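What the coordinates show
This is what each chain is made of:
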Amino acid sequence: MRYMLLILSIVIGSVSVVHADYKDAFQKEFIDKPWAGAPIVEEGVCIECHISKNMKADYLKIPQEWKMSIHYKNKVSCHNCHGGDPADAAVSCGTPHSGFVRTPTYKDVPEMCGKCHVGILEKYLKSGHGRALKAAGKGPNCVTCHGAHSIQKASIDIINEVRCTKCHTYQRAKIMKQALFLTEKKIGELEDRVKELKEQGMVVSDLEKALFRTTAGFRTVFHSVNVDLVKEKSTLFMKDLEVIEKDISAITSELGFRKNFSAFLFILFGVFGIVYYVYTKEK
Ligand code: HEC
Ligand code: HEC
Ligand code: HEC
Ligand code: HEC
Ligand code: HEC
């Protein structure tokens with residue numbers, strides 16, 4: 001009988017060990033991995049000097065805005081965009097030195113951002129917006145829609161009457177927003193379901209990766225500002241999302257099974273306990 005109890009506790013214990021292994025692997029693969037594997041210096045002379053009292057008042061708010069941004073969270077710092085060496089105390093902005101990009105002109109902003117957001121730059125340059133920018137400086141650049149230092153997670157809320165009526169009617173923008181809406185809604189639902197499963201301790205790293213990849217791919221499409229293309233791609237992306245949805249449902253029912261199984265183990269354990277108690281009492 002004692003052995004029985006021992007075996008039961010080993011079984012239960014090993015379930016949680018497997019779980020811990022997965023969590024460690026996930027942590028290493030997803031959370032701790034710096035962007036593109038390259039070490040990025042977060043603080044350096046750029047910020048030190050740019051928050052000092054010698055700085056122009058207009059410029060002082062820049063490091064503050066940046067600290068609130070998604071780039072700060074992902075360790076994309078001043079020099080990753082502007083160039084220069086954040087470890088070189090001799091750097092001075094007044095004297096341009098090798099690699100220092102300085103402030104890009106309105107027309108050159110897309111290339112600065114596109115160093116990292118490669119797929120988006122490609123779509124943007126081919127779009128009505130990109131072509132209008134390059135031809136006559138008339139199209140919006142990345143900063144017009146996302147800002148430069150206060151950049152946040154992107155969503156279709158960026159498409160609004162204030163921003164999109166500076167150069168043309170809202171009608172065009174509205175059709176675009178409608179075309180994106182259903183796919184965005186589905187993405188939101190799936191993200192919530194994956195988060196829920198993760199909170200319950202299920203292995204969802206593959207789901208997270210698949211969803212992230214699909215979402216990132218879909219969100220480049222807006223930059224074509226081509227409504228027909230967006231509609232066509234939405235149909236394709238919806239199919240990918242349905243595959244992911246099936247996998248989510250499979251894990252959800254597995255979770256249901258596991259819950260029932262642990263309840264079963266729990267009851268079994270209890271019954272054994274009682275039997276053992278009665279057995280030893282009677283002896
Ligand atoms: C994601 C890329 C990116 C990062 C990171 C970034 N900048 Fe910028 N910065 C830009 C762009 C783009 C502009 C041009 C702004 C515009 O067009 O409004 C700019 C403009 C500036 C300007 C000139 C502003 C003006 O009004 O002329 C200063 C100063 C500056 N950045 C400093 C910094 C400092 C200091 C940091 C780090 C705390 C930083 N930037 C981080 C992209 C970036
Ligand atoms: C020793 C102080 C100091 C350091 C270090 C420094 N800056 Fe500056 N920076 C300044 C000052 C002062 C200005 C404003 C110049 C002016 O009056 O226009 C400036 C302006 C800028 C501008 C806007 C003007 C332009 O030429 O484009 C950018 C962008 C910028 N700095 C980025 C950086 C980056 C990136 C680093 C780190 C690699 C850095 N700075 C390091 C003092 C500094
Ligand atoms: C040095 C590489 C780098 C540069 C240059 C850069 N970014 Fe980013 N950006 C990142 C990383 C890393 C993230 C966070 C991971 C992600 O969400 O893709 C990010 C995130 C973003 C997001 C939020 C994405 C989301 O998940 O919703 C936007 C919007 C964005 N960047 C716009 C810009 C703009 C505009 C510029 C130019 C002014 C720029 N980026 C320049 C690396 C860069
Ligand atoms: C800085 C000016 C400017 C802003 C701001 C702007 N656009 Fe545009 N947009 C243009 C120009 C220029 C064109 C292309 C020339 C044309 O067809 O008039 C264009 C074209 C378009 C087109 C048609 C593209 C095509 O190939 O037929 C759509 C859709 C569009 N914009 C959506 C938007 C949305 C959505 C926003 C807001 C998030 C926005 N625009 C903000 C300047 C702007
Ligand atoms: C006319 C406005 C507009 C312009 C110009 C624009 N974007 Fe966007 N961007 C958006 C909107 C709207 C979304 C969200 C699309 C969606 O949710 O499907 C977005 C999404 C993004 C994302 C998030 C992608 C993801 O995986 O979640 C990044 C990164 C980004 N843009 C970078 C850029 C860069 C870099 C440029 C310049 C080359 C640029 N954007 C130009 C409006 C714009």
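Values in this document were obtained by computation on a predicted structure and should not be read as measured data.

1. A few points about the coordination of the iron atom of ligand 5
Every protein donor of the iron atom of ligand 5 is listed here as His146 (NE2) and His223 (NE2), and their distances to the metal cover 2.0 Å. Bound by 6 donor atoms, the iron atom of ligand 5 shows angles of 88 to 179° at the metal and therefore octahedral coordination geometry. With His146 in helix H9 (residues 142-146) and His223 in the loop between helix H12 (205-221) and helix H13 (227-282), the pair connects residues that are 77 residues apart, well separated along the chain. For His223, a relative accessible area of 16% translates into the label buried.

2. Some thoughts on a negative patch on the surface
On the surface, a cluster of negative charge is made up of Glu191, Asp192, Glu196 and Glu199. Relative to the helices and strands, Glu191 resides in helix H11 (residues 170-199).

3. With respect to the nonpolar core
Residues Ile159, Leu180, Leu197, Leu207, Ile244 and Ile248 are the most contacted members of the largest nonpolar core, which totals 25 residues. Contributing elements (two or more residues each) for this core: H11, H12 and H13. At 9 residues, the largest contribution of residues to this core is made by H11. Residues within four places of Ile159 in sequence aside, it is in contact with Cys164, Tyr170, Ala173, Met176, Lys177, Leu180 and Phe222.

4. Some details on H13
Its 56 residues place the ends of H13 80 Å apart at the C-alpha level, agreeing with the 82 Å of an ideal helix rising 1.5 Å per residue. Within H13 the residues assigned to the buried category are Val230, Ser234, Phe237, Leu241, Ile244, Ile248, Ile251, Leu255, Leu265 and Tyr276. In this structure Asn226 caps H13, since a side-chain oxygen of it lies 3.1 Å from the backbone nitrogen of Asp228.

5. Considering the side chain of Thr183
Relative to the helices and strands, Thr183 resides in helix H11. Setting aside residues up to four positions removed in sequence, Thr183 forms contacts with Phe218, Ser234, Phe237, Met238 and Leu241.

6. Comments concerning the site of ligand 5
Residues in contact with ligand 5 amount to 22 residues; listed here are only the nearest, Cys142, Cys145, His146, Glu184 and His223. The side chain of Glu184 places a nitrogen or oxygen atom 2.8 Å from an oxygen atom of ligand 5. At 2.8 Å from a nitrogen atom of ligand 5 is found a side-chain nitrogen or oxygen belonging to His223. Looking at the shell around ligand 5, the elements that each hand over two or more residues are helix H7 (118-126), H9, H11 and H12.

7. Digging into unusual backbone geometry
Positive phi, normally seen in glycine, also occurs at Lys75, with a value near 60°. You can see Lys75 is positioned in the loop between helix H4 (70-73) and helix H5 (78-82). Its relative accessible area of 41% is what places Lys75 among the partly exposed residues. Although it is not a glycine, Val225 sits at a positive phi angle of roughly 35°. Checked against the element boundaries, Val225 lands in the loop between H12 and H13.

8. Observations regarding the environment of Arg193
Counting through the fold element by element, Arg193 comes out in helix H11. Under the relative-accessibility criterion, Arg193 is labelled partly exposed at 30%. It is 9.2 Å that separates the C-alpha atoms of Arg193 and Ser249, two residues lying 56 residues apart in sequence. If sequence neighbours within four positions are ignored, Arg193 has contacts with Glu245, Ile248, Ser249 and Thr252.

9. Focus on the site of ligand 3
Around ligand 3 there are 17 residues in total, and His71, Cys113, Cys116, His117 and Ala154 lie nearest to it. His71 places a side-chain nitrogen or oxygen 2.8 Å from a nitrogen atom of ligand 3. In this structure, a nitrogen atom belonging to ligand 3 sits 2.8 Å away from a side-chain N or O atom of His117. Taken together, the elements giving at least two residues each to the shell around ligand 3 come down to H4, H5, helix H6 (109-114) and H9. Taken together, the residues of the shell around ligand 3 sort by class into 10 nonpolar, 6 polar and 1 charged.

Conventions adopted
- Residues numbered from 1 in each chain as written.
- Chains lettered and ligands numbered in written order.
- Predicted model: local features only at pLDDT ≥ 70, side-chain atom pairs only at ≥ 80, totals over all residues.
- Heavy atoms only, no water.
- Donors = N, O, S within 2.8 Å, 3.2 Å for Na, K, Ca; no water.
- Tetrahedral: all angles 85-135°; square planar, octahedral: opposite > 155°, others 65-115°.
- Helix = DSSP H or I, 4+ residues; strand = E, 2+ residues; numbered from the N terminus.
- Buried < 20%, exposed > 50% of the residue type's maximum accessible area, 1.4 Å probe, protein only.
- Patch = residues over 30% accessible without salt bridge, like charges linked within 9 Å, V, L, I, M, F, W, Y side chains within 5 Å.
- Areas by Shrake-Rupley, 256 points an atom, 1.4 Å probe, with all protein chains shown as cover.
- Salt bridge = Lys/Arg side-chain N within 4 Å of Asp/Glu carboxyl O.
- Lys, Arg positive; Asp, Glu negative; His and termini not counted.
- Charge placed at Lys NZ, Arg CZ, Asp CG, Glu CD.
- Core = buried A, V, L, I, M, F, W, Y, C linked by side-chain atoms within 4.5 Å.
- Contact = heavy atoms within 4.5 Å.
- Expected span 1.5 Å × (residues − 1).
- Polar contact = N/O pair within 3.5 Å; in protein donor to acceptor, adjacent residues only side chain to side chain.
- Near = heavy atom within 4 Å.
- Nonpolar A, V, L, I, M, F, W, Y, C, P; charged D, E, K, R; others polar.

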